Amino acid sequence: MIPPQFDYERPTSLDAALDAVAPPDAVPLAGGHDLIPMLKARSVSPGTVVDLGGLDELRGVERVADEGDTTTEQLSVGALTTDADLLDAAPTGADALLDATRAVGDAQIRNRGTVGGNLAAAHPASDIPAATLAADATLHLVGPDGDREVSAEGFATGDHETVRASDELLTRISVPLAPDAGSAYARKTHPSTGYAAVGVAARLRVVDGVVIGPRVAAVGLCDAPTRLAAVEDRLAGADAGAPVEAVESATTRAGDGVDAPVREDHIVSADQRRALLPKYAEQAVSEALARAVGREGVVA
Ligand SMILES: Cc1cc2nc3c(=O)[nH]c(=O)nc-3n(C[C@H](O)[C@H](O)[C@H](O)COP(=O)(O)OP(=O)(O)OC[C@H]3O[C@@H](n4cnc5c(N)ncnc54)[C@H](O)[C@@H]3O)c2cc1C
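Residues numbered from 1 in each chain as written. Predicted model: local features only at pLDDT ≥ 70, side-chain atom pairs only at ≥ 80, totals over all residues. Heavy atoms only, no water.

> Can you help me understand the site of the ligand in this one?
As a structural note, the neighbourhood of the ligand is formed by 28 residues, with Pro 28, Ala 30, Gly 32, Thr 114 and Asp 127 the closest of them. Taking Leu 35, its main chain carries an N or O atom lying 2.8 Å from an oxygen atom of the ligand. Between an oxygen atom of the ligand and a side-chain N or O atom of Asn 118, the distance comes to 2.9 Å. Compared with its free state, where it exposes 970 Å², the ligand has 88% of that area covered by protein. (Near = heavy atom within 4 Å. Polar contact = N/O pair within 3.5 Å; in protein donor to acceptor, adjacent residues only side chain to side chain. Areas by Shrake-Rupley, 256 points an atom, 1.4 Å probe, with all protein chains shown as cover.)

Pasting the structure below:
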C-alpha cells in the first residue's frame, strides 16, 4: 500500500501542465480517487505525477450558445469541475448527467472526484460516461499539437483505455442542451464495489407527440460504454402518448445487438447483467420520456 517514488509537479498554467505531462512517464492527477489507489497498488509507476489542481481555468460550468443554431445551447463543464460543484450548479436540461453524477460513490468521493477524471479514468462501471454518451457530448483535449475534439462515443475504447494520448489533457466536456429534450440515468449498484453493476442513460426529444432521436447508453455491461441500438431503434417514432407501451416494447430486449463481451465477476455474472439491463433501460427511458413530455414545446 506504499506508492513507488515519483517526482511531483503542480503547474499553474495549462501550457506549463502540457510541458509537465510531455514525458511518457508523467501522469496527470485530478481528484486522485482512481490514480492514488493505483499508485498504492503499484499498478502504475510514473516518473512524475502532475497535479492539475492549480489549473483554475479547467474548473466551472457554463452555458454557451451553439454556433449556427440560436435555439440550442451547450453545457460546458471544465474537466476539473468536481462532481459536487456540477451538482451545485444544477444546470437545467442536463438531467441524465446530474442523475449519473449524483450516483457516483458518496459525498466524499463527489467532493474531490472530477468530471474529467471520471471520464479519463475510463472505469467500465463509472456512471458519468453513460450520460455523456447518451447526450452525444464532445470531449475537448489539448496536446502538443493543439486542440482536438473527440465524441463521447469515440473516447473510451476499453477497460481503463481511451484515445487520449499520454501527453494530452482533457480540458472540458460540451453537452448539447436541446430545450425540448428529456434525459435520465438509472443504475443497479454493484453489491460489492458500489459502482454500477449496470447503469443506463437515455436522452430523447418529443416533437408532435412522437419520440425523436433517442440515444440510450449502458455502463457496467461491457468494457467500454455501449449504445443500446435495439432500444434506440424501437423507440424512434414511438407514440409518446402511450408511454408504458412504447417503453416496454423498446426495452424488453434491451441487450439485442450488443456484440461486445459482457463483463462478469464472482458476484455479478454476465447473465445477471444481461437480465438486469431491461429493467434499468426501462427506468431510464421512462423517466427521460416523462421529462421530455414535460418540456415539449419549450423554447430556449
Ligand atoms: C470508494 C470509491 C467509490 C467510487 N464510486 C464510484 C461510483 O459509484 N461511480 C463512479 O462513476 N465513480 C466512482 N468512483 C470514481 C470516482 O468518482 C472518480 O471519478 C474517479 O476516481 C476519477 O476521478 P478523479 O478526479 O479522482 O481522477 P484521478 O484519480 O485523479 O485520475 C483518474 C485518471 O484520469 C487521468 N486524468 C484525470 N484528469 C485528467 C485530465 N483533465 N486530463 C487527462 N487525464 C486526466 C489521470 O491521469 C488518471 O489516469 C469511486 C471512487 C472511489 C475511491
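This is not the end of the story, as more comes after the structure.
> Sorry, what's going on with the side chain of Arg 273 here?
Counting through the fold element by element, Arg 273 comes out in helix H11 (residues 270-295). Residue classification places Arg 273 among the buried positions, given a relative accessible area of 3%. Within polar-contact distance, the side chain of Arg 273 engages the backbone oxygen of Val 268 at 3.3 Å. Every residue in contact with Arg 273, bar those within four places of it in the chain, is listed here: His 190, Ala 197, Val 198, Gly 220, Leu 221, Val 262, Arg 263, Glu 264, Asp 265 and Val 268. (Helix = DSSP H or I, 4+ residues; strand = E, 2+ residues; numbered from the N terminus. Buried < 20%, exposed > 50% of the residue type's maximum accessible area, 1.4 Å probe, protein only. Contact = heavy atoms within 4.5 Å.)

> Honestly, the sheet that holds strand S1 (residues 7-9) in this entry has me stumped. Any pointers?
Note on sheets: strands pair through backbone hydrogen bonds, and any given pair is parallel or antiparallel. Strand order across the open sheet formed by three strands is S1-S3-S2, with parallel pairing between neighbours. Two strands in the sheet have a free side with no partner beyond their single neighbour: S1 and strand S2 (26-29). For this sheet, the mean angle separating the axes of adjacent strands, direction not counted, is 25°. With four bridges joining them, S2 and strand S3 (residues 48-51) adopt parallel strand pairing. Bridging across to S3, Leu 29 finds its partner in Asp 51. (Pairing = 2+ DSSP bridges. Axes fitted to C-alpha atoms, helices over the stretch in contact; angles between N-to-C directions.)

> Help me understand the nonpolar core in this model?
The nonpolar side chains of soluble globular proteins are, as a tendency, buried together. Ranked by internal contacts, the top residues of the largest apolar core, which has 33 residues, are Leu 97 and Leu 119. Residue contributions to this core peak at five residues, all from helix H7 (residues 128-134). Filtering out sequence-adjacent residues up to four positions away, Leu 97 remains in contact with Leu 75, Val 77, Leu 86, Ile 128, Ala 131, Thr 132 and Val 175. Formed by 32 residues, the second largest nonpolar core is a distinct cluster that contains Leu 204, Cys 222, Val 285 and Ala 288. (Core = buried A, V, L, I, M, F, W, Y, C linked by side-chain atoms within 4.5 Å.)

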